Amino acid sequence: MIVLKAERMFDGKSKSLTQNGVVIVQGSKIVDAGSNLTAPEGAQVIDLGDVTLSPGFMDAHTHLTLDYTGNFNERRLKELTTNVSEMAIEATVHARATVEAGFTTVRDVGSRFVGSREFVDVALRNSINKGFIVGPRMLVATKGIGATGGHFDPTSGFRDFLFGREPDTTEGIADGPDEIRKAVRFEVKNGADVIKAAVSGGVLSLADEVDTPQLTPAEMAALVDESHRLRKKVAVHCHGDQAAREAIEAGVDSIEHGSFMKPETLTLMKNKGTFLTPTLMAGEYIMAKIDHYPPALQAKAKAAFSARSEMFRNALKMGIKISFGTDAAVFPHGENAKEFALMVGLGMQPIEALRSATASTAELFGIAQKTGTLEKGKFADIIAMPGDPTADITATERVSFVMKEGKIIRNGPPTPQPAAALVEVPTLDVPVD
């Protein structure tokens, strides 16, 4: 039995911190959590001092098997020349960096390698679950579903038939309701925990406009119906307003990004109870290194970035459900917590930002009965950060202790990353516009 003590505790759901926090852990579960609890006789007591205990953070939008940092064209060349098995080994470094940063659960929303049929995200999830490697609990989406020529089409931007054929449902590319259903079934068959689809254009794809719809309402309805029949939630990549409105009407569970959503669409979102995963970090990182992208992508990034702040503020005012998500891979893995300061900088209260990454995201994931709060019977996913994060939200970026399912992953400095994994990270200024 392990007893964790700290000056403060955030339980994942309350509107304030608890002073003199204590969490009692036995095996993989929490036995009790509260203020000034007495340690059971014989328990190992770890007094972490002037820190705040919290449930492990959750990130609803990651790509642990990918790395989109650095120069865009160099990354595309690497994708074509590097063995997928080597990329899988690199992903283990991303996984460790993520969990050591305090993110004990993530949703990995798309893992494809052009010309390859490997399910690297499934392999990574399973290897973590079996204890072969260290990483967060993962809910994976495999390849993601999209239209021919859309944001998820891995051959877009390359010359015709460079890879010998057009991608099909085995690579997540589907046209028409029946093909959409087939793609959903194929991904669930091969291990998907959640279904991800691209329903509008994207920033980092060369052959589409950022806000155009890419699925018809009939295709959207088929996507949601088939996924929900198989008891899988649906997350959709979506920047455009029309596509978002049609996706919300179809019953998707979360809108990822949502840059151009108008108040009318947000009102529909509020009424339907749809989650917003804003991924502010992605836009911030891209804008900090905008010259590293082709001109067409620069224009799309600037348009999405200029729209996202007003959208996010409107979502806050309307009380939209916010799930914490970052688009990790666009920026270096392990930097996820910088999203907190961006959310607070746009008007979110610090305690609500913390809740977005704990109880709220657990609700979206459908695992709130297992984790997301510090309560009896929940998994012992517990982190500690210095000081009081409600006074200085950047404390979330300096996690010093991580426990996942009762096992201490980190207590002190993080594991040094391999030299090849270290990249220059641009300074991110919290927006004040």
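Located above this text is the structure these notes cover.
Since the structure is predicted, the reported quantities are computational estimates derived from the model, not experimental observations. (Residues numbered from 1 in each chain as written. Predicted model: local features only at pLDDT ≥ 70, side-chain atom pairs only at ≥ 80, totals over all residues. Heavy atoms only, no water.)

Observations concerning the packing of aromatic side chains
At step 1: Using the criterion set out here, one finds seven aromatic pairs in the structure.
At step 2: Considering the side-chain rings of Phe 119 and Phe 186, the 6.1 Å spacing of their centres and the 45° angle between planes classify their relative orientation as tilted. With Phe 119 in the loop between strand S7 (103-108) and helix H3 (120-129) and Phe 186 in helix H4 (residues 177-189), this pair connects stretches of sequence that are 67 residues apart.
At step 3: Of the residues examined, Phe 186 reaches a relative accessible area of 23% and is grouped as partly exposed.
At step 4: Plain terms: the ring middles of Phe 158 and Phe 163 are 5.3 Å apart, the flat faces sit at 90° to each other, and that makes the pair edge-to-face.
At step 5: With relative accessibility at 18%, the residue Phe 158 sits in the buried group. (Phe/Tyr/Trp six-rings, centres within 6.5 Å; stacked < 30°, edge-to-face > 60°. Helix = DSSP H or I, 4+ residues; strand = E, 2+ residues; numbered from the N terminus. Buried < 20%, exposed > 50% of the residue type's maximum accessible area, 1.4 Å probe, protein only.)

What to know about the sheet that holds strand S9 (residues 194-198)
At step 1: The five strands lie next to each other as S9-S10-S11-S12-S13, forming an open sheet whose pairing is parallel. Taken across any chain shown, the strands that pair with only one partner, and hence form the sheet edges, are S9 and strand S13 (321-322). (Pairing = 2+ DSSP bridges.)

So, unusual backbone geometry
At step 1: Although it is not a glycine, Asp 327 sits at a positive phi angle of roughly 70°.
At step 2: Although it is not a glycine, Glu 405 sits at a positive phi angle of roughly 50°.
At step 3: Inspection of the secondary structure puts Glu 405 in the loop between strand S15 (401-404) and strand S16 (407-411).

A word on the nonpolar core
At step 1: The biggest cluster of nonpolar side chains holds 72 residues, and the ones touching the most others in it are Phe 57, Val 199, Leu 223, Val 236, Ile 255, Met 261 and Phe 340.
At step 2: Not counting residues within four places of it along the chain, the set of residues in contact with Phe 57 comprises Gly 102, Phe 103, Thr 104, Thr 105, Phe 340, Leu 354, Ala 357, Thr 358, Ile 383, Met 385, Thr 396 and Val 399. (Core = buried A, V, L, I, M, F, W, Y, C linked by side-chain atoms within 4.5 Å. Contact = heavy atoms within 4.5 Å.)

As for the pairing of strand S11 (residues 254-257)
At step 1: As judged from the four bridges shared by strand S10 (residues 233-238) and S11, these two strands associate in the parallel manner. By the bridge assignment for S11, Cys 238 is matched with His 257.
At step 2: In the classification by handedness, the crossover that spans S10, the intervening helix H6 (residues 241-250) and the parallel S11 is right-handed.
At step 3: Pairing geometry for S11 and strand S12 (residues 275-277), over three bridges, is parallel. Directly across from Glu 256, in S12, lies its bridge partner Thr 277. (Right-handed = clockwise from strand over helix to strand, strands pointing away.)

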